[in-house]
Amino acid sequence: GDSVTQMEGPVTLSEEAFLTINCTYTATGYPSLFWYVQYPGEGLQLLLKATKADDKGSNKGFEATYRKETTSFHLEKGSVQVSDSAVYFCALEAYSGAGSYQLTFGKGTKLSVIP
Amino acid sequence: DTGVSQDPRHKITKRGQNVTFRCDPISEHNRLYWYRQTLGQGPEFLTYFQNEAQLEKSRLLSDRFSAERPKGSFSTLEIQRTEQGDSAMYLCASGSVGTYYNEQFFGPGTRLTVL
């Protein structure tokens, strides 16, 4: 079945440091790929997405490129801020064949940014 | 706010009791998903509705779990004879079909604690 493997945390960075969170996936077909973010005490929010190979998703300074050849979708940000502290989830969406486009998530990576 | 809402936000119950959660999706969305998230893990798919029809159920959804979506509007998830292993965050998401993907919008979740 489909699966997502992402870098285990927690990750602690100083403000303005460069961030990379690795994500690789296994899927049949051609899934769409997502990064979701969960801020403390809040629900899951879509951060960025890519729907086909070589697409680059971007939002709030975060970027991720859909690499079909390496089955990866690594999340990057050039300069993190304290407000980026959250749990980040990589996910893929694939049509199940029974009518649903269910999401398969990684385990999440907790990021803490210190001033 | 016209986002996805869930009620209650927190539920504490004793083992063996029945519990019911409610999800109100974004009004124009015809797709509704339930996920379960345990501590330190990403959300896992439970079940999917398109309008009022339940089209898919995960193997995680044992016969103690039942979900409904009468009239294709709000949805309920009931757990009978709760067990301590049912303690988790139960997430609801709604969505509509996009051009290339199906974006899902998540509610804040219901945190269940089974004593």
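Right, let's walk through the structure included here. All values derive from a computational prediction rather than experimental measurement. (Residues numbered from 1 in each chain as written. Chains lettered and ligands numbered in written order. Predicted model: local features only at pLDDT ≥ 70, side-chain atom pairs only at ≥ 80, totals over all residues. Heavy atoms only, no water.)

Residue and element names in this part refer to chain B. One open sheet accounts for four strands, arranged β1-β3-β8-β7; its pairing is antiparallel. Edge strands, defined here as strands with exactly one partner in the open sheet, are β1 (5-7) and β7 (65-68). Neighbour to neighbour, the strand axes of the sheet diverge by 15° on average, direction disregarded. In this structure, β1 lies alongside strand β3 (residues 19-24), joined through three bridges in antiparallel fashion. By the bridge assignment for β3, Gln-6 is matched with Cys-23. (Pairing = 2+ DSSP bridges. Helix = DSSP H or I, 4+ residues; strand = E, 2+ residues; numbered from the N terminus. Axes fitted to C-alpha atoms, helices over the stretch in contact; angles between N-to-C directions.)

Using the criterion set out here, one finds 13 aromatic pairs over all chains in the structure. Geometrically, the ring pair formed by B:Tyr33 and B:Tyr35 is stacked, given 6.2 Å between the ring centres and 25° between the ring planes. As far as the burial class goes, B:Tyr33 and B:Tyr35 line up, both buried. Through a chain of ring-to-ring contacts, the aromatic side chains of A:Phe34, A:Tyr36, A:Phe89, A:Phe105, B:Tyr33, B:Tyr35, B:Phe45, B:Tyr48 and B:Phe106 assemble into a single cluster. (Phe/Tyr/Trp six-rings, centres within 6.5 Å; stacked < 30°, edge-to-face > 60°. Buried < 20%, exposed > 50% of the residue type's maximum accessible area, 1.4 Å probe, protein only.)

Contact with chain B, which involves 23 residues of that partner, is made by 22 residues of chain A. Interface area for chain B against chain A, summed over the two sides, is near 1,800 Å², with a carbon-plus-sulfur share of 55%. Counting every contact that joins chain B to chain A gives zero salt bridges. If one sorts the elements of the side of chain B that touches chain A by residue count, strand β4 (residues 31-37) of chain B sits on top with four residues. Its residues assigned to classes, the side of chain B that touches chain A comprises eleven nonpolar, eight polar and four charged. (Contact = heavy atoms within 4.5 Å. Buried area = accessible area lost by both parts, 1.4 Å probe. Salt bridge = Lys/Arg side-chain N within 4 Å of Asp/Glu carboxyl O. Nonpolar A, V, L, I, M, F, W, Y, C, P; charged D, E, K, R; others polar.)

Remember that the coordinates give geometry; whether it matters functionally is a separate question.
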